[in-house]
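Each chain is listed here by its residues.
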Amino acid sequence: MVLDLIETLFLSEKRENLLLLLLNGPADIKKINSMLDVSSSSILPQIKKLRESGVVHKDDNGTYKLTTIGRLIVENMKPLSSMLKVFDKSDLYWDDRELNTIPEELLNNIGDLGEIELVVPDLDHMYEIPEKLISNTSDSQEMSAMLSFFHPDFPRFYKDITNRGVVLDLIVTDSVFERIQNNYKEEMKTMLESENTTFLICKDEVKAPTFNVTEKCAYISFFNSQGRYDHQDIITFEDSAVDWCKELFSYYRELSRPVNE
């Protein structure tokens, strides 16, 4: 019974999409066809299976809605479904990521990253800041960034962001801070003197991922399972991903200290 129900819910994208649609409220066949861009002939067999499983009910007016059990199942199915879609998108990438440093609550909601795109530079640009990060943050008004590894272009990149008047919240690890402080004094001075910039430091042992989050996108560099940065990143433009990364930034901010402490 349980296995049959799992198969009914997860092994058909049409059924899954229908359940998520009905989670937002009842719908007749015309609305279902329009919202899911399907034909009646293709969706009605799927509805029949869901009705037979007891998760969808059809009333006398021909309107479909989730049963009480159906709503409970779908409400709990949604985060798992989102998580599976994130992992399925780039399963080889996720198999080799270090995720143990992510707080449990956020790790459980990693499906909020939504539609991700894997960013892997070609060999000619391997040691440059990825163009996708630059182009998708160029018009931002605010940014939160966590830097847990050093890149020689980072000081200039964040100095330029500061000079544009962007509201910047920046956390760096002790080792990254030492590199910037010793070798990029001008850039450091610009960031520390900016009224729009908050500069914090956290311990290397935190082993946070490096990420940048703006109003419209999140760009994340997770370490691989060996604890190294292997130039494979992800970018996502989902609102839920932006919120997820902002919560992650808040978590690491609580573990950080001001520069002058």
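From a predicted model like this one, the values you see are computed outputs, not experimental measurements. Within each chain, residues carry numbers counting from 1 in the order of the written sequence. Local features are withheld for residues below a pLDDT of 70 in this predicted model, meaning they are given only at 70 or higher, and side-chain atom pairs are given and counted only at 80 or more; totals for whole chains, interfaces and linings count all residues. Think of the side-chain values as coming from all heavy atoms in the structure, minus any hydrogens and water.

## Focus: helix α10 (residues 174-183)
Each turn of an α-helix holds 3.6 residues, which means side chains three or four residues apart point in the same direction.
Next, step 1: Think of it in three bands: with a 1.4 Å probe and only protein chains considered, a residue is buried below 20% of the maximum accessible area for its type, exposed above 50%, and partly exposed in between. A helix here means a DSSP run of H or I that spans at least four residues, while a strand means a run of E at least two residues long, and both kinds are numbered starting from the N terminus. For α10, the full list of buried residues reads Val 176, Phe 177 and Ile 180. The buried side chains of α10 occupy one side of the element, clustering within an arc of 100 degrees when seen end-on.
Next, step 2: Packed against the buried residues of α10 are β5 (142-147), α9 (154-163), β6 (167-173), α11 (185-193) and β7 (197-202). The arc under discussion is defined with respect to the helix axis, by the directions toward the C-beta atoms. By the convention used here, residues are in contact when the closest approach between their heavy atoms is within 4.5 Å.

## Re empty space enclosed by the protein
Next, step 1: A cavity here means a set of 1 Å grid points, computed over protein atoms only, where a 1.4 Å probe fits but cannot escape. A pocket is an open set with protein on both sides within 12 Å along at least 5 of 7 lines, and lining residues have an atom within 4 Å of a point. Grid points are joined across faces, edges and corners, and a volume is the space filled by probe spheres set on the points. For the coordinates displayed, the defined rule picks out 1 cavity of 30 Å³ or more.
Next, step 2: In this structure, the largest cavity spans a volume of roughly 130 Å³.
Next, step 3: As for the largest cavity, its lining consists of 17 residues, and the residues nearest its centre are Pro 130, Phe 149, Phe 154, Tyr 229 and Asp 233.
Next, step 4: The set of elements that each furnish at least two residues to the lining of the largest cavity consists of β8 (210-214) and β9 (218-221).
Next, step 5: Residue polarity follows a fixed list, in which Ala, Val, Leu, Ile, Met, Phe, Trp, Tyr, Cys and Pro are nonpolar, Asp, Glu, Lys and Arg are charged, and the others, Gly among them, are polar. Here the lining of the largest cavity is composed, by residue class, of 10 nonpolar, 5 polar and 2 charged.

## Concerning the packing of aromatic side chains
Next, step 1: Centres within 6.5 Å are what make two rings of Phe, Tyr or Trp a pair, Trp counting through its six-membered ring; a difference in plane orientation under 30 degrees is then read as stacked, over 60 as edge-to-face, and the rest as tilted. Summed over all chains, the structure comprises 12 aromatic pairs.
Next, step 2: Note on Phe 154 and Tyr 158: the rings are 5.8 Å apart at their centroids and 55 degrees apart in plane angle, and the pair reads as tilted. On the criterion of helical spacing, the pair formed by Phe 154 and Tyr 158 is a turn pair, its members being 4 residues apart in helix α9.
Next, step 3: Phe 154 sits in the buried class, given a relative accessible area of 5%.
Next, step 4: Given the relative accessible area of 1%, Tyr 158 is considered buried.

Fair warning: the whole summary comes from geometry, so function is off the table for now.
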